[in-house]
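So you can see what is in the structure, the chains are spelled out below.
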Amino acid sequence: MLKTRSLTYASRILRSSSTLVPDNSPRAADNEQWLERLSSVKKSSSKSKQAITQESSSLNKFPIEVVSTPPESSYIDIKATIGNFTSTKYLQGFNKQKHTQGNFVDIRIVKCRSGDGGDGIVSFFRDANRAVGPPNGGDGGDGGSVYVRASPGINSLAKLRTTYIAENGSNGAADQLDGARGKDILITVPVGTVVRWCLDPKDVREHILRKQKSDPGASLRDILRQSKISMQCSGRYEYDTKPRDIQLFRNSYEPGKGWLFKGKDEAYHQSKDWFVSLSKQVEAYDHALYDSELSSDKFPLYGLDLSVPTENPICLLKGGKGGLGNMHFLTNMIRNPRFAKAGRSGLECLFLFELKSIADLGLVGLPNAGKSTILNKISNAKPKIGHWEFTTLNPSIGTISPGIDKPSFTVADIPGIIKNAAQDKGMGLEFLRHIERSKGWVFVISIANENPLQDLHVLIQELGGMEKVGAKNVLIVCNKADINHENPQAIDKFLQITQFCEANGWDSIPISALKNENIDVLLDKMAKCAGKLV
Ligand SMILES: Nc1nc2c(ncn2[C@@H]2O[C@H](COP(=O)(O)OP(=O)(O)OP(=O)(O)O)[C@@H](O)[C@H]2O)c(=O)[nH]1
Ligand SMILES: [Mg+2]
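As the structure is a computational prediction, the values presented were derived from the model and not from experiment.

Visitor: What am I meant to see in the coordination of the magnesium ion (ligand 2) here?
Guide: Ideal values for angles at a metal depend on the geometry: 109.5 degrees with four tetrahedral donors, 90 or 180 degrees with six octahedral donors. Bound to the magnesium ion (ligand 2) on the protein side are Ser372 (OG) and Thr392 (OG1), at distances that span 1.9 to 2.0 Å. Remark: threonine 392 occurs in the loop between helix 8 (371–378) and strand 17 (396–400) and serine 372 occurs in helix 8; sequence separation between them is 20 residues. The exposure classification of serine 372 matches that of threonine 392, with both residues buried.

Shown next, in the form of structure tokens:
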């Protein structure tokens, strides 16, 4: 394995050095040598082998169906449900700030475009003595790229624009001047953002409307779950069967094409043997270019997880390469090359930016259980508290610093969850993304409710059942213990819960957030749940 890998690497280096264009004072002899070397370069296999993207284990790996793999096909062809490449929250129109407090935005679909490469140009040296001198048309500049970076300084996606377009490279100029590079774009997002490749929401909406016309009973979720799309993925190595990256394709010319003519047209040139044979040689250069595009133009299938501050910006879309000016096509045979190459196109893609807060603990509970009151009491965060349901509309995160010699931890307060939240009842389950990565889940139950144990069962069910909940550290907090605390019924309710907890190996605690009772013990238990105390 190692051997084939290093061989591949060696051949890549060889290929790229043999396609290297002579720099900006190419003499006919230099060009001849370059073209000669190009003839010996093997045609690209159109299969990319380089790994460019990082892998993240914490991301959801949704099920996919592998349809075919190399060598039967050039790529790993897969099918997956479209729900994985869009956002229900976005489709439901939540992004229109209907249900948000302030400008907290945790999901955004953004269109990104890298710049086209500038064209090479046709130009000839002129002075008083010579009407037409040697060719001196410069190369086009490379198009700008789109980069992303996670920075701890920001905490919402609200400032993200809807479109980011990097600058195109400038065309080359006379006197062997290369065009300027297009300016890059750097998108800065909060730490904890996940970037995913996504479908155009307009297309998805149309698809849903079409489906609902033929089957009026179908819900948005059902349609997203049932419809599939086919896509091409590149494996990490040849004959790899596990797709990791979606292959992106540029809408640009085929190898051997992309010539720009001046004076005499294409038909004239194609009728000349010298042009046809030159074009064949240059095709190898195009193939190498195409090959390097294939290896850079990919995006992780399961998303790019920016869970730590990014040191070096990560390239989302690379700009197109600039085209070659006519100075490169001067040979002993061709004295007046009246043609140059066009720049390669940039890439356009939609990305879904999703902020998944990274808190050690998540507070979950029915509306009005007292989650926000607890976070208010124990941390620096000041989420809104109200005696009505759904007071909290946006997640907030508080840091708890128990003492100098004790490690601090973070807690996320999210909107209340109700029965059938998984079917979008109440605030739905969209906010779970903020506690998805938490080490522990703290269930907040109001012991003053009629049947707290039943409430707990509802929560567990909505969160995905015992199996999912059991994967986390769990702490059950019975809040509002100040109400009816002397009533034997209240004690009975608490006992039911402790029994259930013991059976599952979970810890539980009665508190009164309002009256500040038992909060010290709660903090210890929470630290333990967050994995910060043993
Ligand atoms: N008696 C009593 N009332 C409490 C206690 N804790 C919270 N409350 C009250 O319960 C109500 C709801 O509190 P919140 O903290 O807003 O509840 P929440 O779980 O964040 O509610 P949502 O944001 O709607 O999900 C408020 O009126 C609080 O004052 C407690 O320990 N005892
Ligand atoms: Mg609340």
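Visitor: Can you walk me through the packing of helix 2 (residues 28–39) against helix 7 (residues 273–296) in this structure?
Guide: Helix-helix packing is characterised by the crossing angle of the two axes and by the distance between the axes. Axis separation between helix 2 and helix 7 bottoms out at 8 Å; the angle between their running directions is 70°. In terms of axis orientation, helix 2 runs roughly perpendicular to helix 7. Across the interface between the two elements, Trp34, Leu35, Glu36, Leu38 and Ser39 of helix 2 pack against Leu278, Gln281, Val282, Ala284 and Tyr285 of helix 7. Here the residues of the contact of helix 2 with helix 7 are counted per class, giving seven nonpolar, two polar and one charged.

Visitor: Is there a simple way to explain helix 4 (residues 201–214) in this structure?
Guide: Given 3.6 residues per turn, any residue in an α-helix points the same way as the ones three and four places further on. Here helix 4 spans 20 Å end to end across 14 residues, near enough to the 20 Å set by a 1.5 Å rise per residue. All of the buried residues in helix 4 are Pro201, Val204, His207 and Ile208. Along the axis of helix 4, the buried residues cluster in a sector spanning 120°; they form a single face. Across from the buried face of helix 4, at angles greater than 90 degrees, the exposed residues are Lys202, Leu209, Arg210, Lys213 and Ser214. In this structure, the buried residues of helix 4 make contact with helix 3 (88–91), strand 3 (107–113), helix 5 (220–226) and strand 15 (348–355).

Visitor: Looking at this model, I keep getting lost on the pattern of salt bridges. Mind explaining?
Guide: Think of it this way: side chains of opposite charge can pair up when their charged atoms draw near. This model, assessed by the stated rule, comprises 19 salt bridges. Notably, a salt bridge pairs glutamate 348 with lysine 111, separated by 3.9 Å at the nearest N-O pair. Taken as a pair, glutamate 348 in strand 15 and lysine 111 in strand 3 lie far apart in primary sequence, 237 residues in all. Overall, the relative accessible area of 47% leaves glutamate 348 in the partly exposed class.

Visitor: Explain the nonpolar core here, please?
Guide: A general trend in soluble globular proteins is that nonpolar side chains are found buried together. Judged by nonpolar contacts, the single largest core of 47 residues is most densely connected at Phe85, Ile187, Trp197, Leu316 and Phe353. Of the residues forming this core, the biggest block, four residues, is contributed by strand 15. The residues touching tryptophan 197, leaving out its near neighbours within four places in the chain, are Phe85, Ile229, Met231, Ile246, Leu248, Phe299, Cys349, Leu350 and Phe351. In terms of nonpolar packing, the next biggest core, distinct from the first, is built from 30 residues, Leu366, Ile414, Ala421 and Leu463 among them.

Visitor: Before we go on, may I ask you to explain the site of ligand 1 in this structure?
Guide: Contacts to ligand 1 come from 23 residues, most closely from Ser372, Thr373, Phe390, Thr392 and Asp482. Here an oxygen atom of ligand 1 sits 3.1 Å away from a polar atom, N or O, in the side chain of lysine 480. If ligand 1 stood free it would expose 660 Å²; the protein chains cover 91% of that surface. Of the residues in the shell around ligand 1, the class split is eight nonpolar, eleven polar and four charged.

Visitor: Explain the side chain of threonine 391 to me, please; I cannot follow it from the model alone.
Guide: Among the structural elements, threonine 391 can be located in the loop between helix 8 and strand 17. A polar atom in the side chain of threonine 391 sits 3.5 Å from the backbone oxygen of glycine 386.

Visitor: How should I be thinking about the packing of helix 9 (residues 452–462) against helix 11 (residues 488–504) in this particular structure?
Guide: Contact geometry for helix 9 and helix 11: axes closest at 8 Å, N-to-C directions at 40°. When the axis of helix 9 is compared with that of helix 11, the two are oblique. Along its contact with helix 9, which presents Pro452, Leu453, Leu456, His457 and Ile460, the element helix 11 presents Lys493, Gln496, Ile497 and Phe500. Tallied by class, residues from the contact of helix 9 with helix 11 come to six nonpolar, two polar and one charged.

Thresholds applied
Residues numbered from 1 in each chain as written. Chains lettered and ligands numbered in written order. Predicted model: local features only at pLDDT ≥ 70, side-chain atom pairs only at ≥ 80, totals over all residues. Heavy atoms only, no water. Donors = N, O, S within 2.8 Å, 3.2 Å for Na, K, Ca; no water. Helix = DSSP H or I, 4+ residues; strand = E, 2+ residues; numbered from the N terminus. Buried < 20%, exposed > 50% of the residue type's maximum accessible area, 1.4 Å probe, protein only. Axes fitted to C-alpha atoms, helices over the stretch in contact; angles between N-to-C directions. Parallel < 35°, antiparallel > 145°, perpendicular 65-115°, else oblique. Contact = heavy atoms within 4.5 Å. Nonpolar A, V, L, I, M, F, W, Y, C, P; charged D, E, K, R; others polar. Expected span 1.5 Å × (residues − 1). Arc of directions from axis to C-beta. Salt bridge = Lys/Arg side-chain N within 4 Å of Asp/Glu carboxyl O. Core = buried A, V, L, I, M, F, W, Y, C linked by side-chain atoms within 4.5 Å. Near = heavy atom within 4 Å. Polar contact = N/O pair within 3.5 Å; in protein donor to acceptor, adjacent residues only side chain to side chain. Areas by Shrake-Rupley, 256 points an atom, 1.4 Å probe, with all protein chains shown as cover.

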